[in-house]
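# Structural features, examined
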Amino acid sequence: MSNRRVVVTGLGVVSPLGNNVASNWEAALAGKSGIAPIQRFDSTAFAAKIAGEIKNFDASAYLEPKEIKKHDLFSQYALAAAQEAWDDSALAGSSLNRSRIGCILGVGVGGLATIERYTEIMVKEGPRRISPFLVPSMISNIGPGNIAIRFGVRGVNFAITSACTSGTHAMGEACRMIATGVQDAILAGGAESAVTPLGIGGFCSMRALSTRNDEPTKASRPFDRDRDGFVMGEGAAVLVLESLDSAKARGAKIYAEVLGYGASCDAFHITAPCVDGAGAVSCMSLALETSGLKPEQIGYVNAHGTSTDANDVTETLAIKQVYGAWAKNGLLVSSTKSMTGHLLGAAGAVEGLFCVLALRDGIVPPTINLDNPAEGCDLDYVPHQARKVQLKAVMSNSFGFGGTNASIVFGAV
């Protein structure tokens, strides 16, 4: 990107597919779906009754029991992913100055469950029953704040809120800060937990969610003719980004290098992308430009791929504009949202993590449920089964409400 090279030295994730990196990757390569009927609340009155909820999550593994109620779920997930990434990176035993280690987390919504809970308490019992922990539980930046407190990292610390692009923006901006010498290492990623009555209800009102309630594992079907909306997911992913010099000096394990990053805005509509894909074209082109790579050097794109009419055709069109002939003659594209659902502010971080693992293992996760490609969706989306392939560089795309876009490129080291 510029100046110092930036690498990935730690990974951590909780998602609908599992509560650590190994279980997530195993499930993704097996083409398993994490979508199921909603368990967190009674969804009877909702058009969409399915979601990608985290399963068998034990918050007490990361927090004292009396502390759990002070943390919204998105913050609990963030701590879990950060702990795994921190341990994986072996930063705890390093001599790095903690003032040169930061945390940037993408959070699209924040503590929605906490807001809903205390709104109900206030209405029923009055304002005196509002907990003093309401505000520090619900604010988006408490996610990275709690991570900093846990590990004593005193560098930059903030949340990025840019809808479904938040996680990718967090990784990209963290990379810039390391590349330009502002920090030596940053825990970067995203966290989200919006599977709540208000969260599901709001997207239901937009008619954005799949209502394939009787077949939850088949509901998220990016690029497929029979898709009927996205499926809400939840979780968190954290990547430890670090300068190459720092990683080498301490003998750290290096997964991949961050080669490029691009961000743009459609300036078109509050929820719909430009019909010609101009915003997506812009951010992908910028990511390629900053990476110094040619289109044919990218072997795989983890698409935003939401399973909606608004995204899938437009993103396909944009990929074809950026990659030219390579788009249909060598490039692999898949959407892991077909398995995880859409994790909103955490989506880009989870998908970036999958890109790093694809590079490490030389295998591309599939797009499941792709039985009949929709008109205009004519790329190699790696349907149904993971595919072994030699990869030198990969790209991850994220696009969000408000027309915000980001792409990030990872390369093998």
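The structure reproduced in this document is the subject of the present report.

Rules behind the numbers
Residues numbered from 1 in each chain as written. Predicted model: local features only at pLDDT ≥ 70, side-chain atom pairs only at ≥ 80, totals over all residues. Heavy atoms only, no water. Core = buried A, V, L, I, M, F, W, Y, C linked by side-chain atoms within 4.5 Å. Buried < 20%, exposed > 50% of the residue type's maximum accessible area, 1.4 Å probe, protein only. Helix = DSSP H or I, 4+ residues; strand = E, 2+ residues; numbered from the N terminus. Contact = heavy atoms within 4.5 Å. Pairing = 2+ DSSP bridges. Axes fitted to C-alpha atoms, helices over the stretch in contact; angles between N-to-C directions.

## Some words on the nonpolar core
Judged by nonpolar contacts, the single largest core of 50 residues is most densely connected at V8, L11, L239, L241, L353 and F410. Per-element accounting of this core gives the leading share, 10 residues, to helix α13 (residues 347-361). Once residues within four sequence positions are removed from consideration, L11 is found in contact with V21, E84, A85, D88, V238, L239, Y255, L353, V356 and L357. Counting residues in each nonpolar core, the second largest holds 31 residues, with A80, A81, A82 and I101 among its members.

## Examining the pairing of strand β6 (residues 185-192)
Along β6, eight of the eight residues are buried, which leaves the element largely enclosed by surrounding structure. Of the two faces of β6, the one lined by A185, L187, G189 and A191 and the one lined by I186, A188, G190 and E192 are each fully buried. Here β6 pairs with strand β7 (residues 235-243) via eight bridges, running antiparallel. In the sheet register, L187 faces β7, and the bridge partner there is V240.

## Brief notes about helix α8 (residues 197-205)
Every α-helix carries 3.6 residues per turn, so stepping three or four residues along brings you back to the same face. The complete set of buried residues in α8 reads G199, I200, G201, F203 and C204. R207 sits one or two positions beyond α8 and adopts a positive phi of about 60 degrees.

## Some points on the sheet that holds strand β14 (residues 404-411)
Across the sheet, which stays open at both edges, the 10 strands sit in the order β5-β4-β6-β7-β1-β8-β14-β13-β9-β10 with mixed pairing between neighbours. The open sheet terminates on both sides in strands that have one partner only, identified here as β5 (157-160) and β10 (332-334). Between one strand axis and the next, the sheet turns through 25 degrees on average, direction left out of account. The strands touched by helix α7 (residues 166-179) within the sheet are β1 (6-14), β4 (101-106), β5, β6, β7, β8 (256-265), β13 (393-400) and β14, with β6 carrying the most contacts at an inclination of about 170 degrees.

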